[in-house]
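Working through the structure, step by step
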Number of protein chains: 2
Amino acid sequence: MPSSSAVSYDAPHQLTREKTHDDYDYDKLKGWRKLRPLRPGWGMYHDVRRRLPYYKSDITDAFTYRTIASIIRMYFVNLLPALAYTLDMYRRTGEFFGVNEALFSSALAAMVFSILGAQPLTIVGITGLISLFNYTIYDIIIQYDSSIYPQFMCWTAIWAAIFHWLVALWNMCDYMRYVTDFSSESFGMYVGIIYMVKGVEELVSEFSARGSTSGYLTCMIAILYFATIYALEKLGSSTFLKPAYRGVLADYSYVIGTIFWVGFAHIPGTLKRANIGMVPITKAFHPTQPRNWLINFWDLDVKWIFVAVPFGFLTMLLFYYDHNVSSLTAQARQFPLKKPGGFHWDFFLLGCTTFVAGILGLPMPNGLVPQAPVHTDSLTIYETDVDVITTSEGEGAEVRRPIVRATAVVEQRVSHFFMGLALIGTMTGPLLVVLHTMPVGVFAGVFFVVGWGSIESNGIVEKALFLLREHRFIQRDEPMLTIKKRKICLYIGLQLFGVFSCVAISQTIAAIGFPVLICLLIPLRVVLLPKWFTQKELEVMDDLTANNKVVLASLGGAPILPGGAEVEDYGLERRYSEHRKGVSRQRAGSVHR
Amino acid sequence: MPSSSAVSYDAPHQLTREKTHDDYDYDKLKGWRKLRPLRPGWGMYHDVRRRLPYYKSDITDAFTYRTIASIIRMYFVNLLPALAYTLDMYRRTGEFFGVNEALFSSALAAMVFSILGAQPLTIVGITGLISLFNYTIYDIIIQYDSSIYPQFMCWTAIWAAIFHWLVALWNMCDYMRYVTDFSSESFGMYVGIIYMVKGVEELVSEFSARGSTSGYLTCMIAILYFATIYALEKLGSSTFLKPAYRGVLADYSYVIGTIFWVGFAHIPGTLKRANIGMVPITKAFHPTQPRNWLINFWDLDVKWIFVAVPFGFLTMLLFYYDHNVSSLTAQARQFPLKKPGGFHWDFFLLGCTTFVAGILGLPMPNGLVPQAPVHTDSLTIYETDVDVITTSEGEGAEVRRPIVRATAVVEQRVSHFFMGLALIGTMTGPLLVVLHTMPVGVFAGVFFVVGWGSIESNGIVEKALFLLREHRFIQRDEPMLTIKKRKICLYIGLQLFGVFSCVAISQTIAAIGFPVLICLLIPLRVVLLPKWFTQKELEVMDDLTANNKVVLASLGGAPILPGGAEVEDYGLERRYSEHRKGVSRQRAGSVHR
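Now for a quick tour of the structure. What you are looking at is a predicted structure, and each value in this text was computed from that prediction instead of being measured. (Residues numbered from 1 in each chain as written. Chains lettered and ligands numbered in written order. Predicted model: local features only at pLDDT ≥ 70, side-chain atom pairs only at ≥ 80, totals over all residues. Heavy atoms only, no water.)

**A closer look at the packing of aromatic side chains**
All names here are of chain A.
- For the structure shown, the criterion picks out 67 aromatic pairs over all chains.
- Plain terms: the ring middles of Phe182 and Tyr491 are 5.4 Å apart, the flat faces sit at 65 degrees to each other, and that makes the pair edge-to-face. Placement of the pair is Phe182 in helix H9 (residues 181–236) and Tyr491 in helix H20 (residues 485–506), with a sequence separation of 309 residues.
- In this structure Phe182 comes out as buried when scored by relative accessible area, which is 0%.
- Centre to centre, the rings of Tyr491 and Phe533 are 5.7 Å apart; their planes meet at 80 degrees, and the pair counts as edge-to-face. Taken together, the positions of Tyr491 in helix H20 and Phe533 in the loop between helix H21 (514–532) and helix H22 (535–541) put the pair 42 residues apart, joining distant regions of the chain. (Phe/Tyr/Trp six-rings, centres within 6.5 Å; stacked < 30°, edge-to-face > 60°. Helix = DSSP H or I, 4+ residues; strand = E, 2+ residues; numbered from the N terminus. Buried < 20%, exposed > 50% of the residue type's maximum accessible area, 1.4 Å probe, protein only.)

Below, the structure is given as structure tokens:
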């Protein structure tokens, strides 16, 4: 359909955002006017006003092949980890949260954010952190009375929803513009490690639940599933095969890998006899526990309702960071986006989904850190150009370097909507049976793929590898060479300290407090880092996570940086890499670059 | 020890080979004098005369660190596949050949060739092909009378030895100079595939012998062992870490991987309970079967003695190709060798070891195709230089390409000798017990590493990958671009036809005939290929396997090529790659380049 795809590429160019761009900006105001809570709803109002004119094009732009590829890819990338986390939650919350709850929650979030969201690119679903949250609360509650867990979770969600609404009304999302890669890389690394740990835990539980034979086969499937997806995605970013063919392999790597390894696990004979664990399912459309969907939240002692207040606040704090960073990375500068963001409005909506999830006893959905940029990536039209660089070796010996350019993004809300429909479809009886054929090993493999993707492409790892590289093979215009090695070590050392503090706390009952730790990284970066590093060093190593102009409009404009630096001064390292190799494709899991 | 290492680098330069170089050459002779069998022993005489002056330096040159690294690396690379093949033979020859026989045979070969051999770089031991040979003969013999197997094998070896001596005396090794990469790449590919198949067979037999739990764990160990060695060797040829550190990691990758995974298999608990298969051992220094070392070969019906003649001839044909190609690749042009070869003399010695192995009931040793070049590689002093190429992108953006140069080879016979001593040591009681701790999974892993190494770096695969690469990213001075794609397809198609014919025949009882197939590739190349390809095409795609001047001296000088081409005209593709990246290090298994 050449005509419709032409529409989708050109339409965004005809739209202009300048009209509304300067409307929402606190930095120009003086005195009491600077106080954000005094203008409740100002940010939300502007978000909606800025975004509404694009609503029609959000549907009409969708008629391209990329939308279809995106729906299928996101269905797998969203569903598989959600199910995997649910398996974990199922075991660790006294079987309260099951597959049906997970699917319902994911579908609810997809419907709400695809239809009403200001940033339909941000995929919302069940994260590993909410799973961690839920079972940590369970661990705390069972010390008193495990029967009140549903009601207590419900009140936690209600309070969290109220805090969400307050934050959205009081325009507090503006502070997200101060988030830099220093903290978002640490967060990405933390999430990656948690994913890997969960993958191993899945495998261990298979040993204890079903014995060694099943355990070892599950390990093998997990390792080979990981290798399959990794190899297919690697092939997709190579220069082998025609671009169209390798694109298809990479787009459908999860589909290919999942179908193959699910089939493998069901080959009759030795494999079938190993009797490995499959996804546990229950009756379609019913809660896992014998209960109504609506939680009887009114049946809770008043003291517990108040105990739930700090838990609700911590949930909000987690979502404040997690959801907004998802939106930021889904709309990072490397994607040539034309349509504006809307953080306040989306955070308000997130309050609503939190509330609904709470009273229905679902795990609360929020923005998925590794998956959100994958969605935008799946909608981006990449072109691999060849960069011919003449060398001193003469004619014929030119370096022919592939350089990847993101030419356009199919910005629309249809892919998100249909992915949600597919999730609802999965809730029906027949498809639930299909789900039941999936071995646990495949889920562990998904954890490894997504987790490793988040680690491998992480800025911390990139800097560490830079330190390990032999000096003489590093190109001389590499910006990192202008910084002392000692300073790079200190920088990634601080990041790793943050990461490992979070990982350590996640293994204890204090896990509930880790959002505080993560949020503390933002003031640490703003207040302490400029004392230890020169402006120049930070400009090379760090970058604003909110660096896309259309995004900053919703956050009240670019942040005020120390030393009068501009947004453009930061991220020298990223821009150097983009200049040489073009933008990196977001294969499953990579938070950045 | 800088002084002794200085000796070893400089000594070869002081020696000259010109004096003896022109002595052995049939091409200058006319009429009946050209008939090689009429001058029995002429080649052997010249081999010894040419090589003897270097004998003292073969010992004095050895006092460097590289010799130690070489001994350890070769001990593992030789021992592990030999044991692995023996496990296979043990099961498939009615438990006639066991670990003690394999160790004895390897040690015997190492002693003979390190002390008396003209080419001490060629590692001689137990190959997969002799294992295939032995159990195919067993499959044939048991159809009549399995009790005569030892005597029949003995007579096969005696006849093979006689044919060896005749070939050596009649100077027939000269024809090896006509071997080109067309057939040696096919052979390398075939060997690689056989290795991989054996690895899988090891795993399958673990399932049938010990059940699923042990089977799956063994699979997992094999896969992870492969990944460990592969990653360590990859790191060794990267530009990470200091050259000395990464060199150590790559040199000892087998040691590190083997110790780690053997230890892993013995961790108490679930792993230990899986009760996986270990190397079966018997009493030290005794044959596996209750027999004397000397086979009572006189107790065989005369008709069987004559039936053994064609089997002996086929064995000789196999060794003629396999052993000599091992020597050729161990002395390929990429290694800056100074000391001359001696094919006739070594083939005579091989006849002697075949004879001894026969009457003692050992598997017959011969040159190891994948391991022989690894030995030379382990003795080569590599230097990674940086090649700075200015580009049109200006100052600072120079391409800094690593280029590997082989500066010298520590040519000596001490490493081979001590490797043999280590093998004898392994035959003693205490070390046999250590061997018994090795899980079968590690051996399957060794098969995968060595087999995959032989496949990955193979010219067939390289050409196939070239065909798959996107045209615009291929540098314009790439010689393969001058050839039509159709012709490249035809060339690798013919190679693959040879490979798969051999693989297919190996799975049947006709496996005994596969040396004929392999040797047929040489006349096919000489007679048919020039009709289907132009001279130019062959010059790019093919190369003489015997392309080292010091080697060709022993084979009666350079071959007479059609169209008056010189040796230097061939191998354009190889030289292009060497010009750009330097020589490739021979990590376990790669036959070429």
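**Some details on the nonpolar core**
- Counting residues in hydrophobic clusters, the biggest one holds 344 residues, and the most contacted among them are Tyr190 of chain A together with Tyr190 of chain B.
- Ignoring sequence-local partners within four residues, the contact set of Tyr190 of chain A consists of Leu129, Leu132, Val499, Cys502, Val503, Ser506, Phe514 and Ile518 of chain A. (Core = buried A, V, L, I, M, F, W, Y, C linked by side-chain atoms within 4.5 Å. Contact = heavy atoms within 4.5 Å.)

**Topic: the layout of surface pockets**
- Taken as a whole, the second largest pocket holds about 470 Å³ of empty space.
- As for the second largest pocket, its lining consists of 17 residues, of which Val200, Leu203, Ile223 and Phe448 of chain A together with Leu224 of chain B are closest to the centre.
- Elements represented by at least two residues in the lining of the second largest pocket include exactly H9 and helix H18 (440–456) of chain A together with helix H9 (181–236), helix H11 (253–265) and helix H12 (270–273) of chain B.
- Examining the composition of the lining of the second largest pocket, we find that 9 residues originate from one element, H9 of chain A, more than from any other.
- Among the residues forming the lining of the second largest pocket, the class breakdown is 16 nonpolar, 1 polar and no charged. (1 Å grid on protein atoms, 1.4 Å probe; cavity = no way out; pocket = protein on both sides within 12 Å on 5 of 7 lines; lining within 4 Å. Points joined across faces, edges and corners; volume = space filled by probe spheres on them. Nonpolar A, V, L, I, M, F, W, Y, C, P; charged D, E, K, R; others polar.)

**A few points about the interface of chain B and chain A**
- Residue-level contacts link 44 residues of chain B with 44 residues of chain A.
- Carbon and sulfur atoms make up 61% of the surface buried where chain B meets chain A, a total of about 3900 Å² over both sides.
- Three residues stand out in chain B for area buried against chain A, namely Tyr216, Arg400 and Phe473 of chain B, and they jointly supply 19% of the buried area on that side.
- If you look at where chain B meets chain A, you find 2 salt bridges.
- The partner of Arg246 of chain A in a salt bridge is Glu470 of chain B, with the nearest N and O atoms 2.7 Å apart.
- Where chain B touches chain A, the interface holds 18 residue pairs in polar contact (both at pLDDT 80 or more). (Buried area = accessible area lost by both parts, 1.4 Å probe. Salt bridge = Lys/Arg side-chain N within 4 Å of Asp/Glu carboxyl O. Polar contact = N/O pair within 3.5 Å; in protein donor to acceptor, adjacent residues only side chain to side chain.)

**Section: the packing of helix H20 (residues 485–506) of chain B against helix H21 (residues 514–532) of chain B**
Residue and element names in this part refer to chain B.
- Packing of H20 against H21 leaves a shortest axis separation of 10 Å and a crossing angle of 165 degrees. In terms of orientation, H20 lies roughly antiparallel with respect to H21. Relative to H21, the crossing made by H20 is right-handed. Contacts from Lys487, Leu490, Tyr491, Leu494, Ser501, Cys502 and Ile505 of H20 reach H21 at Phe514, Leu517, Ile518, Leu529 and Trp532.
- Class assignment of the residues belonging to the contact of H20 with H21 gives a composition of 10 nonpolar, 1 polar and 1 charged. (Axes fitted to C-alpha atoms, helices over the stretch in contact; angles between N-to-C directions. Parallel < 35°, antiparallel > 145°, perpendicular 65-115°, else oblique. Left-handed = near helix turned anticlockwise from the far one by under 90°.)

**Here we look at empty space enclosed by the protein**
Residues and elements named next belong to chain A.
- Per the counting criterion, the structure on display carries 13 cavities of 30 Å³ or more.
- Volume-wise, the largest cavity comes out at about 70 Å³.
- Along its surface, the largest cavity is lined by Thr127, Gly128, Leu129, Phe187, Val191, Ile194, Tyr195, Asp322, Leu368, Val369, Pro370 and Gln371.
- Listing elements by their share of the lining of the largest cavity, those giving two or more residues are helix H7 (128–141) and H9.
- Residue classes in the lining of the largest cavity are distributed as 8 nonpolar, 3 polar and 1 charged.

These results come straight from atomic positions and should not be treated as a statement about function.
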